[in-house]
Amino acid sequence: MASLFERFFHRYFSGHHTPPPVMPEGDPFADDTAVAPHTAPLFRFEEFQKISQETAVPPVTTPAPARAALPPAPFQHWYPRAPVDPLFYEWLLGFPPARQAHPQEQELTNTLYELLNADPEQQTLVPRMPGIIPPLLSTLRQEQASVSQLTKLIMRDPALVGEVLLAVNNVVHHHVQKITSLDAAVLMLGEEGLRYVIAKVAFRPILNLQQGPYSRRAAPVIWAQSEKCGLACHALSSHEDDTAPFHAFLAGLLHQIGLITVFRVLDQEVRDTSVPFSLSFCLLLQVVANTLSTRIATDWGLPEDVITALREQIPGSDQSTVSTLGILLHNADLISKMRMLINQQLLRSQETILLHGLSAQEAYCYRHLDHLKLFDLNLSEPASHDTGAT
C-alpha cells in the first residue's frame, strides 16, 4: 500500500512543492562558463621564449568558472533512536499496523481528501474556535492588559471559575488554606497564569472529545500528550519575549487538534473497527492531521508564528528554512510522546539512547516533564483573606 500514500501525497501537495533539481552526470560545472577558442597566430616555442624575454608581460590569470549556487540543504530535525511515532499511533489505534490494507482505506482516503479541500465553514467535523480565545489573544497584544480584564473573561463561564480555583489549589495545597475566592485566586495566578488556565480550559472539550470507538480510545491520550507538549514548549521557549512562552504553549497544546478531527472521521466512516490499518494509511493519517491542524489554526486567526510552526510539522513540507518555534515544537512533541510511552511501559529503551542528540535543557525537560509547572504563584499574599467567598 505504499502507492496509496504516494498517490494521496502527490494529489494534495503537487501544487505546493517542486522536485529537487537533477544534477547532470559528470562535472556539474563543466558548462558554466564557455571558454572562447584562442584565435591568435601560433608561435613555435623558441619564438615565444624570445618574445617573453624581450617584453616583460605580466602573467594573465583566467578566473575560475563561477559555480552555480546550490539550493540550501534541508534542515535536519532531531529524531530519537526509537520508533516513538509508530508506537504512539499504535497506542491511539489499539493495534499495530497490518501488512494488508483495511478494506475501507481507499474510501477513507477519498473522504479525508474531501475534508481537506472543503470549505471550513461547511464542515461539522472541524471544531469551532472557543468564544473566549479571541478576547484572550487580544489581551495578550495589549501592553496595558490588566488582571481585571482577564477576570471579566473568566466570569463569563462558571466552569472556568471552578477551573481557576482548582488550578490554584492544586499548586498551593501544601502552603496555605484552600482558596475559595476568585479574587484571591486571580491575584495569585497573575496575568500570565490566567492566560494558561483559560487556554487549557477552553481547548480541553475540543481535544478530549469522545464520540465514537476511535475517539473514545484516542482522545484522552491526545489531550494528555497535547498538555505535556504545551508544557514542554513553554519550558523550552525563550522568555526574553513576553509573548513567546504563551505562543509556544499554544502551538504545543493545539498541534494535535487535526488528529482528533481525523479520529472523528474514523468514528463516522469505519464499519469494522476490529481490522487494523496498514502502515501507509497510518502515515497518511499523520499528513492529514498535521495539515488540518494548520488549517484550523489559520481559520481561527491564531498568531502567525504558531501557524508557521504547525505548518512545518507536515511531512513533506519545505524544510529548507525552519522557524525557531517549528524546531522547538518538533522536539517537544517527541519529548512528550517519549515521556508518556515510558510512563506507560510501552517503550523500553535506555535513557542515554533516547536522549542522544538533545541539548542539556531538552534532556532536563524530558526527565522532569511530569513535574514541570506553567507558572509560579504569588504566595506572598496573606492567607487570612484568601478564603472568603466571591
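Below, the structure is looked at part by part. Numbering of residues begins from 1 in every chain and follows the order in which that chain's sequence is written. In keeping with the predicted nature of the model, local features appear solely for residues at pLDDT of at least 70, side-chain atom pairs appear and are counted solely at 80 or more, and the whole-chain, interface and lining totals rest on all residues. The side-chain figures draw on all heavy atoms in the structure; neither hydrogens nor water molecules are used.

1. Section: the overall build of the protein chain
Part 1 of the reasoning: In this text, helices come from DSSP runs of H or I with a minimum length of four residues, and strands from runs of E with a minimum of two, each type numbered from the N-terminal end. Per the secondary structure count, the protein chain includes 16 helices and zero strands.
Part 2 of the reasoning: Here, two residues are considered to be in contact whenever any of their heavy atoms come within 4.5 Å of each other. Contacts in the protein chain between residues far apart in sequence, at least 24 positions, make up 78% of those at least 6 positions apart.
Part 3 of the reasoning: Carbon and sulfur atoms make up 54% of the accessible area of the protein chain, which totals about 21,400 Å². Using the Shrake-Rupley algorithm and a 1.4 Å probe, accessible areas are obtained, with residue cover drawn only from the displayed protein chains.

2. Comments concerning the side chain of Asn 290
Part 1 of the reasoning: With respect to the element layout, Asn 290 can be found in helix α12 (residues 279-299).
Part 2 of the reasoning: When residues no more than four places from it in sequence are discounted, the contact partners of Asn 290 are His 255, Leu 310, Gln 313, Ile 314 and Pro 315.

3. Some words on the packing of helix α8 (residues 182-207) against helix α9 (residues 213-236)
If you want to describe how two helices pack, look at the angle between their axes and the distance between the axes.
Part 1 of the reasoning: Between N-to-C directions, angles span 0 to 180 degrees; the directions come from axes that are lines fitted to C-alpha atoms, helices contributing only their stretch in contact. Between α8 and α9, the least distance of the axes is 10 Å, while the angle of their chain directions is 155 degrees. As far as their axial angle goes, α9 and α8 are roughly antiparallel. For the element pair α8 and α9, the recorded crossing hand is right-handed. Of α9, the residues touching α8 (which contributes Glu 192, Tyr 196, Lys 200, Phe 203, Arg 204 and Leu 207) are Ala 219, Ile 222, Trp 223, Ser 226, Glu 227 and His 234. Any angle that falls under 35 degrees is termed roughly parallel, while one over 145 is termed roughly antiparallel, one within 65 to 115 roughly perpendicular, and all others oblique. Left-handed is the label given to a crossing in which the near helix is rotated counterclockwise from the far helix by less than a right angle, and right-handed is the label when the rotation is clockwise.

4. Description of the environment of Leu 250
Part 1 of the reasoning: By secondary structure assignment, the location of Leu 250 is in helix α10 (residues 244-254).
Part 2 of the reasoning: Exposure categories follow from relative accessible area, calculated using a 1.4 Å probe and restricted to protein chains: below 20% of the type maximum is buried, above 50% is exposed, and the middle band is partly exposed. Under the relative-accessibility criterion, Leu 250 is labelled buried at 2%.
Part 3 of the reasoning: Sequence spacing of Leu 250 and Lys 200 is 50 residues, and the spatial spacing of their C-alpha atoms is 9.1 Å.

5. Digging into the packing of helix α3 (residues 84-93) against α12
Part 1 of the reasoning: In contact at an axis separation of 11 Å, α3 and α12 are set at 90 degrees when each is read in the N-to-C sense. Between α3 and α12, the angle is such that the two are roughly perpendicular. For the pair formed by α3 and α12, the contact residues are Asp 85, Tyr 89 and Leu 93 on the first element and Cys 282, Leu 285 and Gln 286 on the second.

6. Observations regarding the pattern of salt bridges
Part 1 of the reasoning: When a carboxyl oxygen of Asp or Glu lies within 4 Å of a side-chain nitrogen of Lys or Arg, that pair is called a salt bridge. For the coordinates displayed, the defined rule picks out eight salt bridges.
Part 2 of the reasoning: The shortest N-O distance in the salt bridge between Asp 85 and Lys 337 comes to 2.6 Å. Of the two residues, Asp 85 sits in helix α3 while Lys 337 sits in helix α14 (residues 324-343), which places them 252 residues apart along the sequence.
Part 3 of the reasoning: Judged by relative accessible area, which is 18%, Asp 85 ranks as buried.
Part 4 of the reasoning: Between Arg 339 and Asp 370 there is a salt bridge, with the nearest N and O atoms lying 3.9 Å from each other. Of the two residues, Arg 339 sits in helix α14 while Asp 370 sits in the segment after α16 (360-368), which places them 31 residues apart along the sequence.

7. Focus on helix α6 (residues 147-155)
Part 1 of the reasoning: Of the positions making up α6, those classed as buried are Leu 150, Thr 151, Leu 153 and Ile 154. One side of α6 carries all its buried residues, which in axial view fall inside an arc of 155 degrees. Relevant arc is that of directions from the helix axis to the C-beta atoms, nothing else.

8. Focus on the packing of aromatic side chains
Part 1 of the reasoning: Two rings belonging to Phe, Tyr or Trp (six-membered ring only in the last case) form a pair when the distance between their centres is within 6.5 Å. Interplanar angles under 30 degrees mark stacking, angles over 60 mark edge-to-face geometry, and anything in between is tilted. Evaluation of the coordinates by the stated rule reveals eight aromatic pairs.
Part 2 of the reasoning: With 5.7 Å between their ring centres and 15 degrees between their planes, Phe 203 and Trp 300 make a pair best called stacked. Taken together, the positions of Phe 203 in helix α8 and Trp 300 in the loop between α12 and α13 (304-311) put the pair 97 residues apart, joining distant regions of the chain.
Part 3 of the reasoning: Given a relative accessible area of 0%, Phe 203 falls into the buried group.
Part 4 of the reasoning: Among the aromatic residues, those joined into a cluster by ring pairs are Phe 95, Tyr 214, Phe 277 and Phe 281.

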